[in-house]
Amino acid sequence: MNILLLSMPDSFEHMPSIVIRMPNGALTSLAGNVDEHHNVAVADLILCQRSVRKTVTHLLGEHDPQLVGLSTMTFQRRTAERIIHLIRELKPNAKIVVGGYDPSLAAEAYLSMPIDFIVRGEGEITFRELTRALEKNGDMHFIAGLSHRHDGKWIHNPQRAISSLDSEEIRLPKRSARVLKGYTMLGRQVDVIETSRGCTFDCSFCSIIEMRGRNFNAYSFDRVIADIRDAKEHGARTFFLVDDNITLNVHRFEALCNAIIEAGLHTLDYFVQGMTSAIANHGERLAPLMKRAGFRYVFLGIENILESDLQLLQASAKNTARSNGHKTGNATLQAIEYLHRNGMYVVGGLIVGSPNDTVESIEANLAFARKYVDWPYIQHPTPYPRTPMTDDFRRRGLIEHERFEEYDGTTSVVKNEYLSADEIEYLRWKAERGMKTRHLPTVFRHDPWFVARNMLAMAANTYRGSKLRTVLGLEDDRQAFARYKQLRRQEREYV
Ligand code: B12
Ligand code: SF4
């Protein structure tokens, strides 16, 4: 069977496609896990943001798929729907399947779309069984995790149990299935690597718990090393470890760093997301080891520097420093100190605009980011499907609208008692531009050729909406903000 797998083109403010175009790890993992006689093509539409319709039309013609799969997040739902209609128009007989976080957690939103299947939760085995059933014209009723139509009605089969990952049941991703080129992180080819799945915390804004429950499963190091080698053979020099929470098991993470060093793969660049508590509490040993293994940027889930907000986000525990088993306060500064001391850069993940936030508390977080963070990754609380936060916001009437294409984390869609959603976003937008510019020399030292060629485009992107008279102080910043919002609206029209 010919299968075409697509990830959506939508990107958000902190992932401008001029500098970052990352592959979607789910699709190559699906491709690697169907039976080998299938002919699978994977296309990350982030690589052709400005020619989505043309590219999809071309791919449908060239690969003539009997099955098309789309991977979508909530903010990509509207684009996905448009692409689904395009596929239906051009290939009326192709079967269409959707998967990923949004279809898994908001399946009801897809039922009226002209699709055939929804894969809920982890996809590899469900998708493999679906392709087998399609080939044999078989029964779909026994495929756990699948929603399908029967006699005009949707049937939602029972949930599939999550994979333990240690059984080799999930094979390596198939990167050779990718048909588009141009992955980059600041000029170096980037790829994604998974070493584990899951998390046992329950932050109120995170989708992971509803997606897979509170658990943690890991791949063997042999598999991880083979995966890195495979990505390297396909040209990657920078690796983003997409684990939900790799620092949950610090001893394992240390062993993984050692395995990377022993395999001689430490000369490559690694990016990872981590908890402040793990890095603060184990940083003395962990941070130098990470540095030796090649880690360069660490995305820290700081979330908020104010305890009251952390409690609201249910993120206090993962941000708590401990000494001799006793809590000794917020872990953030200590974690940053360890990372900086070892020459790594901090991507500071903060969430501003929670129900308790005043101008002052938002400013306190922004000032913190200005002082301690190398690259800001500041977001607003966003009501993703089925998170505890969403239920709470809905009950309190705080959600301003349901234009899901704006649920990208940097467009504020939630108001609070003191501020409108727009005002909250304005405060972040205004502060972040300067912070991003300040990091440019660091990036320049690492990738001078890329920065020299793209500096103007990068600056233009960071400051889009501003004009000379904004810079000269001849107009209110809010006018530039309004233009920026208008540009963002235009950018979202991918299809
Ligand atoms: C890594 C990651 C990123 C990386 C993306 C790297 C990449 N290109 O893949 C970065 C840091 C860039 C990123 C950015 C964003 N992310 Co993100 N990210 C994650 C994370 C940590 C892991 C995702 C992953 O790769 N998992 C590994 C793969 C193999 O698993 P998977 O994606 O779940 O896919 C499996 C199934 O879902 C299913 N499946 C998926 N697609 C398909 C398609 C088909 C056809 C089928 C059959 C099955 C299927 O099968 C797969 C294999 O089992 C998750 C989860 C988390 N704990 O935070 C968030 C998460 C996916 N991100 C999220 C969001 C919102 C974003 C941002 C919008 C904002 C933000 N929070 O940063 C941006 C937007 C990015 C952009 N395009 O501009 C949300 C999505 C929520 C939602 N309901 O949409 C999550 C769940 C985090 C959260 N807030 O809860 N993200
Ligand atoms: S620690 Fe990270 S992955 Fe775990 S629930 Fe919180 S935000 Fe999600």
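Everything numeric here is computed off the predicted structure, so don't read it as measured data. (Residues numbered from 1 in each chain as written. Chains lettered and ligands numbered in written order. Predicted model: local features only at pLDDT ≥ 70, side-chain atom pairs only at ≥ 80, totals over all residues.)

**Q** Help me understand the packing of helix H12 (residues 359-372) against helix H14 (residues 421-438), please; the structure alone is not making it clear to me.
**A** In a pair of packed helices, the angle between the axes and the distance between the axes together describe the arrangement. Where H12 contacts H14, the two axes come as close as 10 Å, and the packing angle between them is 15°. In terms of their interaxial angle, H12 and H14 are classed as roughly parallel. Our pair here, H12 against H14, has a crossing hand that is right-handed. Between H12 and H14, the contacting residues are Val359, Ile362, Leu366, Ala369 and Arg370 on the first element and Ile424, Leu427, Ala431 and Met435 on the second. Its residues placed into classes, the contact of H12 with H14 shows eight nonpolar, no polar and one charged. (Axes fitted to C-alpha atoms, helices over the stretch in contact; angles between N-to-C directions. Helix = DSSP H or I, 4+ residues; strand = E, 2+ residues; numbered from the N terminus. Parallel < 35°, antiparallel > 145°, perpendicular 65-115°, else oblique. Left-handed = near helix turned anticlockwise from the far one by under 90°. Contact = placed C-beta atoms within 7 Å. Nonpolar A, V, L, I, M, F, W, Y, C, P; charged D, E, K, R; others polar.)

**Q** Any chance you could explain the nonpolar core here in plain terms?
**A** Side chains that are nonpolar tend, in soluble globular proteins, to be buried together. Grouped together as the largest cluster of nonpolar side chains are 83 residues, with contacts concentrated most on Phe239, Leu241, Ile279, Val298, Ala335, Leu339 and Val346. Excluding residues that lie within four positions of it along the chain, phenylalanine 239 makes contacts with Asp191, Ile193, Ile228, Ala231, Leu268, Asp269 and Tyr270. With 42 residues, the next largest nonpolar core counts Val42, Val52, Phe117 and Ala177 among its residues. (Core = buried A, V, L, I, M, F, W, Y, C linked by C-beta atoms within 7 Å. Buried ≥ 20, exposed ≤ 12 C-beta atoms within 10 Å, placed from the backbone.)

**Q** Sorry if this is basic, but what is going on with H14 here?
**A** Every α-helical turn comprises 3.6 residues, leaving residues that sit three or four positions apart pointing alike. Relative to the 26 Å expected for 18 residues at 1.5 Å per residue, H14 spans 27 Å between its end C-alpha atoms, a close match to the ideal helical length. Along its length, H14 shows its largest kink, about 25°, at glutamate 432. The complete set of buried residues in H14 reads Ala421, Ile424, Glu425, Leu427, Arg428, Trp429 and Glu432. Contact partners of the buried residues in H14: H12, strand S19 (375-379) and helix H18 (477-491). (Expected span 1.5 Å × (residues − 1). Bend = angle between axes of the 7 residues up to and from the residue.)

**Q** What is the right way to look at the domain arrangement of the protein chain in this model?
**A** One frequent convention defines the size of an interface as the accessible area lost when the parts assemble. Domain boundaries assigned for the protein chain yield domain 1 (2-156), domain 2 (183-453) and domain 3 (463-495). A straight line from the C-alpha centre of domain 1 to that of domain 3 covers 34 Å. (Domains from an automatic or database assignment.)

**Q** So what exactly am I meant to see when it comes to the site of ligand 2 here?
**A** Residues in contact with ligand 2, as listed here, are Cys199, Phe201, Asp202, Cys203, Cys206, Ile208, Asp244, Asn245, Met275, Gly301 and Lys318. For the shell around ligand 2, the per-class residue count stands at six nonpolar, two polar and three charged. (Near = placed C-beta within 6 Å.)

**Q** Just to check I follow, could you spell out the site of ligand 1 for this structure?
**A** Close to ligand 1 lie 41 residues, the nearest being Gly69, Ser71, Met73, Gly99 and Gly123. At the level of secondary structure, the elements contributing two or more residues to the shell around ligand 1 comprise helix H1 (25-32), strand S4 (67-71), strand S5 (95-99), helix H4 (101-105) and helix H5 (124-135). Looking at the shell around ligand 1 residue by residue, the class counts come to 22 nonpolar, 13 polar and six charged. For the shell around ligand 1, the two domains that each supply at least three residues are domain 1 (2-156) and domain 2 (183-453).

**Q** Mind showing me how you'd approach the sheet that holds strand S8 (residues 153-156) here?
**A** The pairing of strands in a sheet comes from backbone hydrogen bonds and takes either a parallel or an antiparallel form. Pairing is mixed in the open sheet, where seven strands are placed in the order S3-S1-S4-S5-S6-S7-S8. Edge positions in the sheet fall to strand S3 (39-44) and S8, since each of these pairs with one other strand and no more. Averaged over all neighbouring strand pairs, the angle between strand axes comes to 20°, with direction disregarded. Two strands pair when backbone bridges link them, and S4 and S5 are joined in this way by five bridges, in the parallel orientation. Residue serine 71 lies in a different strand from S5, and its bridge partner there is glycine 99. Contacts from helix H3 (residues 77-90) reach strand S1 (2-7), S4 and S5 within the one sheet, and its direction differs from that of S4 by about 170°. (Pairing = 2+ DSSP bridges.)

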